Structure formats: C-alpha cells, structure tokens
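# Structural description and commentary
The primary structure of each chain is shown beneath.
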Amino acid sequence: MSQHIGVIGLGSLGANMARLLAADGYAVHAYDLDAERTAAAALAPGVTAHGSARAVAAASALVLLSLPQSEAVRAACLGAEGIVEGAARGLLVVDTTSGYPEHSKDIAAQLAVAGVRYIDAAITGEEGGAKALPKRALTFCVGGSEADVAEATPVLERMARYIYHVGPLGSGQIVKMVNNMVGSAVGVAAIEGLLIAAKHGIDVKVAAQVLDKGTGMNFFCKHPDFALARDVVGGFQLGLMTKDLRHMSEFARQSDVPALMTDHIFHLFELFVREKGYAADILRQVDVMEKWAGVQLDGTRLDAVDRKA
C-alpha cells in the first residue's frame, strides 16, 4: 500500500493512528507542535517526522487531524506554516478533533478556497476512544459530502469497528457533543447511585450487574472496575470533557433547545476540574464524588481512611 497519509497532532490518539496506519503499509507523515512527540512517533517503522503542518500536507494525499480543540485545528489548517500553505488542490483533510461545528464549517470554507476538502470524523468508542483505538474498535461519526466520506472510509476502517455518516459537514461534531453529554450525565448518575448502594453495605459490583441487566444499564455498570480500581486510566482529560460540555451548552442555545441537563452536567464537570485539575484523567471524577459522599465505592468510609492516614 503506497498511499501517503498525514497525521497532525500526536497525543495518545494521534500517535496510535500513525502507528497503526504505518503498520498497515501506509506511508505516514507526522507532525506535532511538541517536537518530542513528533520524534517519538517517528520511531515507528513507516512514520516520517516533519517540522510543520505545511510539510505534512505537501507530502500527503489525505491528512488526519487529532487535536484538542477547534482553535488548534484552525491554526494547523490556516495558520503560518499551516496545511493551506503546502496542500495540493484536492487534498482531503479528515478532522477527528472534538470541536465546535460552526468553527469546523468556517475552517472548511476557507480551505475550500484553496481547493482543499474537509470532513469532520469525530471519535468515540464503547470503552472510550483512547482504549478503543489500539483494538481498532473506534466509532466514527462523520459529517461531509458523500464522495469525500467514501474516499476517507478505507483509511478510517483501519481504526474502526463502526463508521456512521451522520450528515453534512459539522454533523459529526454535533453527534459527538450529544454523545459526550449523554455519556457524562449517565456516568454521573451511575456513580451517584452506586455510592448510595456502597454506603448501605451493598457490593457495588453486584449492584452494577443488576443495573447492566436492567433499565439502568450504562458504561460504569458494564465496566465497574473503571470506577473501582484506582490504577485504571480512562485516557481522556477532565478539562477536555468540560470543554466539550461547554460547547454542547452553547450549541443547545444556538439550536433553541433547553439545555437543562447539559448545563447541570457542564457545571458539575467545572467543579471536578477545580478539584482535580484540567489535565486529570476523566475517571478522577469518581474521587470527587466519593469525597462528597463520604464513602468510597468499595464501601470504605472516608473518615476511616482519614484515621488510617
């Protein structure tokens, strides 16, 4: 396979994208603002390091973006040494970033002037994107034209279990925001309920099994060790989820839909970030809720933990 693929943004997701695609025989061209990340990605056979987004675009027929937010996408696409400076007409940009749909549309319109195509292909997965990608089990929700999505699909299939073309450009970002809001709300409800069970001496794993086989099914009840084990990493930052929930809150208003649940969950996550920090792992929300409840999910009272300490 000789197709040249660019990957811009080499965090946990982008670095794994580069590695997997190179392992499948693609010629991968990689860049991150962090030179150490770029150098680390290039240690994988088949991955070539570059010093700018412009250089990646010049070497590639398709470019994947894996960046933290829309502002970073705009800089990579339209900034000095950005994609637009090095791209041949017809280049396809596939943006996997969790961004804001209106920003994506604006970036796409400016790229189109230079003959560069753009689709949004937001990421999720049944265990979260970070854990699903190494298993090639991502779920992509994709927005863009039929032709552009069809062209990107063979590359996305290398990393995905499910690919859904959900509508025109920006639709993938909308569905991803909805996914993150619903997942966050249900997750908070599950942790809260299991903490009540723990406080009354009920084995949380057994309670989780009941919910998983009943109408209370949710992520934490299907994977209770994600909440119970202190060494399990969710692979996504609390701050980034809070950013996504803020976007959802703004977009709900723009869409003239009441944001009752979205606003509540967004403000809860703001509190989680205040307690644990922006870069804390997503699962550390459990720590905060245990602190508020005065009990750990394993049933240990926090006053007992304090006495032992």
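Preceding this paragraph is the structure being described.
Residues numbered from 1 in each chain as written. Predicted model: local features only at pLDDT ≥ 70, side-chain atom pairs only at ≥ 80, totals over all residues. Heavy atoms only, no water.

### Brief notes about the environment of Q285
Locating Q285 in the fold gives a position in helix α15 (residues 285–293). The exposure class of Q285 is buried, given its relative accessible area of 4%. For the pair Q285 and G129, spaced 156 residues apart in sequence, the C-alpha separation works out to 18 Å. Residues contacting Q285, with those up to four places away along its chain left out, are V188, I191, L238, F269 and F272. (Helix = DSSP H or I, 4+ residues; strand = E, 2+ residues; numbered from the N terminus. Buried < 20%, exposed > 50% of the residue type's maximum accessible area, 1.4 Å probe, protein only. Contact = heavy atoms within 4.5 Å.)

### What about a nonpolar patch on the surface?
On the surface, Y162, Y164, V166 and V175 cluster together into a nonpolar patch covering about 330 Å² of accessible area. With 3 residues, the top contributor of residues to the nonpolar patch is strand β8 (residues 160–167). Structurally, the position occupied by Y164 is in strand β8. What makes Y164 partly exposed here is its relative accessible area of 45%. (Patch = residues over 30% accessible without salt bridge, like charges linked within 9 Å, V, L, I, M, F, W, Y side chains within 5 Å. Areas by Shrake-Rupley, 256 points an atom, 1.4 Å probe, with all protein chains shown as cover. Salt bridge = Lys/Arg side-chain N within 4 Å of Asp/Glu carboxyl O.)

### Structural notes on the packing of aromatic side chains
Tallied over the entire structure, the rule returns 5 aromatic pairs. Three or more aromatic residues link up through ring pairs in this structure, and these residues are F269, F272 and W292. (Phe/Tyr/Trp six-rings, centres within 6.5 Å; stacked < 30°, edge-to-face > 60°.)

### Side note on helix α10 (residues 204–212)
Where α10 is concerned, the buried positions are V204, A207, A208 and D212. Each buried residue of α10 sits inside an arc of 140 degrees when the element is viewed along its axis, so together they form one side. Of the residues in α10, the exposed ones pointing more than 90 degrees away from the buried face are Q209 and V210. Looking at the packing, one finds that the buried side of α10 touches α9 (171–199), α11 (219–222) and α12 (225–228). By the N-cap criterion, in which a side-chain oxygen at the helix start approaches the backbone nitrogen of a residue two or three places on, α10 is capped by D203, the distance to K205 being 2.9 Å. (Arc of directions from axis to C-beta. Polar contact = N/O pair within 3.5 Å; in protein donor to acceptor, adjacent residues only side chain to side chain.)

### A short note on the environment of A190
Tracing the backbone through its elements, the reader meets A190 in helix α9. Classification of A190 as buried rests on a relative accessible area of 5%. It is 39 Å that separates the C-alpha atoms of A190 and D24, two residues lying 166 residues apart in sequence. Apart from residues lying up to four places away in sequence, A190 is in contact with N218 and F220.

### Structural notes on the layout of surface pockets
Empty space within the second largest pocket amounts to approximately 170 Å³. If you go around the second largest pocket, the residues you meet are V188, E192, L195, I196, K199, H264, I265, L268, M289, W292, A293 and V295. Elements supplying a minimum of two residues to the lining of the second largest pocket: α9, α14 (260–276) and α15. Among the elements that make up the lining of the second largest pocket, the one with the highest residue count is α9 (5 residues). The residue makeup of the lining of the second largest pocket, split by class, is 9 nonpolar, 1 polar and 2 charged. (1 Å grid on protein atoms, 1.4 Å probe; cavity = no way out; pocket = protein on both sides within 12 Å on 5 of 7 lines; lining within 4 Å. Points joined across faces, edges and corners; volume = space filled by probe spheres on them. Nonpolar A, V, L, I, M, F, W, Y, C, P; charged D, E, K, R; others polar.)

### Let's talk about the pairing of strand β1 (residues 4–8)
Here is the key point about a regular strand: its side chains alternate between the two faces of the sheet. Taking burial as the measure, the 5 residues of β1 include 4 buried ones, the bulk of the element. Looking at chain direction, β1 and strand β2 (residues 27–31) are connected through 5 bridges and run parallel. Bridged to I8 within β2 is Y31. Crossover connection from β1 via helix α1 (residues 12–23) to parallel β2: handedness right-handed. Sheet analysis places β1 next to strand β4 (residues 62–65), joined by 4 bridges and oriented parallel. Note that in β4 the partner of G6 across the bridge is V63. (Pairing = 2+ DSSP bridges. Right-handed = clockwise from strand over helix to strand, strands pointing away.)

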